[in-house]
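Each chain is listed here by its residues.
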Amino acid sequence: MARIGVEPALSNIKSALTEMGHDVVDLRSENDARHCDCCIISGTDKNMMGIADIVIEGPVINADGATTDEVCQMVSERLS
């Protein structure tokens, strides 16, 4: 499955993606995003890691206002 970076505050999403079989890592710095197929951010801080450069080629999903199921669906759609 995919390697997905998730902000630490999104523990419910992290758990759900792990149950789906994905390799989930905490996004704490720019380095954590490297080698991820997708990243999930909370949207509370538009630039939460201070990243100005593109680090991944995959999608970055803003989980703000979305349920865990909706985020998991977005991940599935964008990684298929």
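So, a few notes on the structure that sits alongside this text. Since the structure is predicted, the reported quantities are computational estimates derived from the model, not experimental observations. (Residues numbered from 1 in each chain as written. Predicted model: local features only at pLDDT ≥ 70, side-chain atom pairs only at ≥ 80, totals over all residues. Heavy atoms only, no water.)

1. Comments concerning the environment of Met20
Mapped onto the elements of the fold, Met20 is located in the loop between helix 1 (11-19) and strand 2 (23-26). By relative accessible area, which is 34% here, Met20 ends up partly exposed. Along the primary structure Met20 and Met1 are separated by 19 residues, whereas in three dimensions their C-alpha atoms are 8.6 Å apart. Residue contacts for Met20: discarding those within four places in its chain leaves Met1, Cys72 and Ser76. (Helix = DSSP H or I, 4+ residues; strand = E, 2+ residues; numbered from the N terminus. Buried < 20%, exposed > 50% of the residue type's maximum accessible area, 1.4 Å probe, protein only. Contact = heavy atoms within 4.5 Å.)

2. Structural notes on the pattern of salt bridges
All chains considered together, the criterion is met by four salt bridges. Between Arg3 and Asp23 there is a salt bridge, with its nearest N and O atoms 3.0 Å apart. Taken together, the positions of Arg3 in strand 1 (residues 3-6) and Asp23 in strand 2 put the pair 20 residues apart, joining distant regions of the chain. Classification of Arg3 as partly exposed rests on a relative accessible area of 30%. One salt bridge in this structure joins Arg34 and Glu30, with 3.2 Å as the shortest N-O distance. For Arg34, a relative accessible area of 35% corresponds to the partly exposed category. On the accessibility criterion, Glu30 (27% relative accessible area) is partly exposed. Beyond isolated ion pairs, a larger network of salt bridges with shared partners links Lys14, Asp26 and Arg28. (Salt bridge = Lys/Arg side-chain N within 4 Å of Asp/Glu carboxyl O.)

The values reported here are purely geometric and, on their own, carry no functional implication.
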